[in-house]
Amino acid sequence: MKLHPVQTLVSRCIGHLSRQRYDVIVVGGGHAGTEAAAAAARMGAETLLVTQKIQTIGALSCNPSLGGVGKGHLVREVDALDGLCGRAGDWAGIHFSILNRRKGPAVWGPRAQLDRQRYREFIQGELLSIKRLTVLEGSVEDLLVTEPNPDEPGSHRVTGICLENVLHPISASSVVLTTGTFLSGSLFVGQTTSPGGRIGDAPSSAGLSRTLKETLGLRVGRLRTGTPPRIVKESVDFSLANVHLPDRHPTPFSFMNTHTRCKPEEQLPCHLTYTTPGVERVVQESLHLNCHIQQDTKGPRYCPSIESRVLRFPGRRHLVWLEPEGLTSDLLYPQGLSMTMPPEVQLRLIREIPALRRAEIHAPGYGVQYDFVCPTQLSSALQVKSTQGLFLAGQINGTTGYEEAAAQGLWAGVNAARQAHSMPPVSLSRTESYIGVLIDDLVSRGVTEPYRMFTSRAEFRTTLRPDNADLRLTPKGYELGCVSSSRYQEATRVQNSLQEAMTALQALTLSTNSCREKLPDIRVSETKSTVLTGMELLQYKELSFEMLASVFPERLSPYLEFSQRLKIEAVYKPHCDINKKEIERIQREENMFLPPDIDYFSLPVSLSNEAREILDRVRPTTLGAATRLEGITPAAVVNLYNYVHFAK
Ligand code: FAD
């Protein structure tokens, strides 16, 4: 792992731009913007990243952590497409753990607590090392928009940007907007409201919002989120909280890393504590002093403020995680205590928790409300359908979270570069990736509250696992041009080795009698066939690849490096084979006719109300036409196929 000092990046960016025209301009240096700019440049586009402050590139606005259930899948996929966040997580992680370990590996959630400073340094250093990428500090005041073509009413084209206090516009074939929580952003603490995108940062210019709404006619909504106060570590009584240690063997996010920067013994613990009735009392007593919470704007359901938690679930105690902000930081992040009441009330509230009874607040919590663009107005390439050359990614599309932003940013960057090179757009399907699920959900269903990823959103979970994101996406990314040849070579080596190992496992057989003798730890069922292949044996929970390799050292020990991956492949093989067949069958049955009089509302199959409404409204004539409808998931198509096929 290499690192460039932040200072170098700052000095490189100040000065004159070498050109007034770029292939791609990315607005915003958050999680979406940095991935978009890096991806576009990797794709061969001359790219300009413009952001308000160079020092905040790669800033973690809220919690210092990456990954988790569903989110960890996105990080692995971004990494498989050569994005930055996975490697940044490995560089900056100070507490690695796999969440959901009690469930199957398909839904494990790789997660790490991060050192804020290290994360920023890594992202900034990486951007510096990318060819064809220029970073400029500045605020984008407006978009350059051409008048609509009279033959195509309502169709605009974005041709560049105008910077605040700079006379000359900068033109580009594609512009990617990733303004996060900054579009018409307002900050809230207690009864005070002020314009801002994040504490210490001004909102995006009003001109940008106006152009999106008035000139381009885009539908815009409003959402909110909030962050907890930061607490002085020294003032916390950790003896009154439960300690949680990181995994003994940290699992890196990146397929290119075999270990994390922070050694296992250097990792820091987190602590768990709970709210008390006193916390609830302070929330209730201070509601009239809290204007953020009094508004109707929707906040993040899965990362709610303490006010929302207490109001929705009165009388319950709620979890509070005390998480380190960095390896040497003096501060703690109290996850679960996002709040927007006046600072003195915040202090009163946290002191109702025994471990925090003498706690000091370094910076109070606050809320932010911002505009988002309704994402149903985008194509699956994340381009605004009615406006050529304009792509949107990240929180501006109604999502919440660094991982969701990074995933969209990468894909918007790929497509912005393709459009600049006059190439057709590309999309990722729900059957091949969580990024595909995320984008499809956004563009086909839209959002009514901040959207975050969960594994339950994917229909083919057993295939879309965090362990195999490289096999699913790296070859495609290489073909598109956003993956380096070194990563592609590594993914190919892994793929070939896994294939060889699985062939060896398939060829290896053991009778049930020999199993009992050589592998006494596994209980082979009497009813099972008398001969089992290595692949079938590995499906036994108690048997690891290492145990099997010790029985067949010559044939299996060359693959010990892939022990865990092979075990997972074997366990999920039967499910994945069924999934694959279902998907192939649907593809073959594209032309199957759907009866014109079908009553979708009473169809006795598992279909969401939303899917039934869409099918009833559109009445597709063939299965293929149903497949291509926005809002119709592959699982819905499988169920529809089964019904029509077997009802014949
Ligand atoms: P951001 O990370 O917000 O980055 C936007 C970037 O665009 C910034 O660098 C900004 O300077 C730049 N920019 C904006 N306008 C312009 C312009 N006109 N010209 C140039 N540059 C511009 N996520 C959760 O998952 N859970 C939470 O509980 C949570 N709470 C949050 C609380 C707060 C107070 C905030 C601010 C964020 C919170 N987040 C939370 C959201 C998380 O920070 C975002 O989801 C994530 O950062 C979005 O990434 P992004 O790239 O879309 O935008």
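It should be emphasised that the depicted structure is a prediction, and the values quoted were computed from it without experimental measurement.

S.K.: Looking at this model, I keep getting lost on the overall build of the protein chain. Mind explaining?
M.R.: Summing up its helical and strand segments, the protein chain has 22 helices and 23 strands in all. A globule of 648 residues ought to have a C-alpha radius of gyration of about 26 Å, and the protein chain, at 26 Å, matches this closely. Along the longest, intermediate and shortest principal axes, the C-alpha atoms of the protein chain span 80 × 70 × 55 Å. Sequence separation of 24 or more characterises 73% of the internal contacts of the protein chain that already satisfy a separation of 6 or more.

S.K.: How should the sheet that holds strand β17 (residues 331-335) be read in this particular structure?
M.R.: In a beta sheet, neighbouring strands are held together by backbone hydrogen bonds and run either parallel or antiparallel to one another. Spatially, six strands are ordered β14-β15-β16-β17-β13-β18 in an open sheet, and the strand pairing comes out antiparallel. With one partner strand each, in any of the chains shown, β14 (242-244) and β18 (361-363) form the two edges of the open sheet. Across the sheet, the mean angle separating the axes of adjacent strands is 35° when strand polarity is ignored. Where strand β16 (residues 319-324) meets β17, four bridges bridge the pair, whose relative direction is antiparallel.

S.K.: When you look at the sheet that holds strand β19 (residues 366-373) in this model, what are you seeing that I'm missing?
M.R.: As summarised here, the arrangement of the four strands in space is β11-β10-β19-β12, forming an open sheet in which the pairing is antiparallel. Two strands in the sheet have a free side with no partner beyond their single neighbour: β11 (192-195) and β12 (220-227). Each neighbouring strand pair of the sheet contributes to a mean axis angle of 25°, computed without reference to strand direction. Relative to β19, strand β10 (residues 186-189) is paired through three bridges, and the arrangement is antiparallel. Bridge assignment links S186 to a residue of β19, and that residue is Q369.

S.K.: What should I look at first to understand the nonpolar core in this one?
M.R.: Note that soluble globular proteins tend to have their nonpolar side chains buried in a common cluster. If you look at the biggest cluster of nonpolar residues, it comprises 105 residues, and the most contacted ones within it are V24, I25, A36, A40, V175 and V176. If one sorts the elements of this core by residue count, helix α11 (residues 402-420) sits on top with eleven residues. Not counting residues within four places of it along the chain, the set of residues in contact with I25 comprises L48, V50, G160, I161, I170, A172 and V175. Core analysis: the second largest hydrophobic core is formed by 23 residues, V310, Y333, I353 and A355 among them.

S.K.: Looking at this model, I keep getting lost on the site of the ligand. Mind explaining?
M.R.: In the vicinity of the ligand, 39 residues are found, and the nearest of them are G28, G30, G180, G394 and A405. Of the residues contributing to the shell around the ligand, the split by class is twelve nonpolar, 25 polar and two charged.

S.K.: Explain the pairing of β11 to me, please; I cannot follow it from the model alone.
M.R.: When a strand is regular, its side chains alternate between the sheet's two faces. Bridge analysis of β10 against β11 gives four bridges, and the strand direction is antiparallel. When the sheet's bridge partners are listed, L187 is paired in β11 with S194. The hairpin formed by β10 and β11 contains two residues between the paired strands, and G190 there has a positive phi angle of roughly 60°.

S.K.: When you look at the packing of helix α2 (residues 31-42) against α11 in this model, what are you seeing that I'm missing?
M.R.: Each pair of packed helices can be summarised by the angle the axes make with each other and by the distance between the axes. Between α2 and α11, the least distance of the axes is 7 Å, while the angle of their chain directions is 30°. Taken together, α2 and α11 sit at an angle that is classed as roughly parallel. The crossing of α2 and α11 is right-handed. Every residue of α11 that contacts α2 at H31, A32, G33, E35, A36, A37, A38, A39 and A40 is listed here: Y402, A405, A406, Q408, G409, L410, A412, G413, V414, A416 and A417. For the contact of α2 with α11, the residue count by class is 14 nonpolar, five polar and one charged.

S.K.: What should I look at first to understand unusual backbone geometry in this one?
M.R.: A negative phi holds for most residues other than glycine; trans holds for most peptide bonds. One non-glycine residue, S184, lies in the positive phi region at around 50°. Mapped onto the secondary structure, S184 falls in the loop between β9 (170-177) and β10. The backbone phi angle of S422 is positive, close to 55°, even though this residue is not glycine. Tracing the sequence through the fold places S422 in the loop between α11 and α12 (434-445).

About the cut-offs
- Residues numbered from 1 in each chain as written.
- Predicted model: local features only at pLDDT ≥ 70, side-chain atom pairs only at ≥ 80, totals over all residues.
- Helix = DSSP H or I, 4+ residues; strand = E, 2+ residues; numbered from the N terminus.
- Rg over C-alpha atoms; globule rule 2.2 N^0.38 Å.
- Contact = placed C-beta atoms within 7 Å.
- Pairing = 2+ DSSP bridges.
- Axes fitted to C-alpha atoms, helices over the stretch in contact; angles between N-to-C directions.
- Core = buried A, V, L, I, M, F, W, Y, C linked by C-beta atoms within 7 Å.
- Buried ≥ 20, exposed ≤ 12 C-beta atoms within 10 Å, placed from the backbone.
- Near = placed C-beta within 6 Å.
- Nonpolar A, V, L, I, M, F, W, Y, C, P; charged D, E, K, R; others polar.
- Parallel < 35°, antiparallel > 145°, perpendicular 65-115°, else oblique.
- Left-handed = near helix turned anticlockwise from the far one by under 90°.

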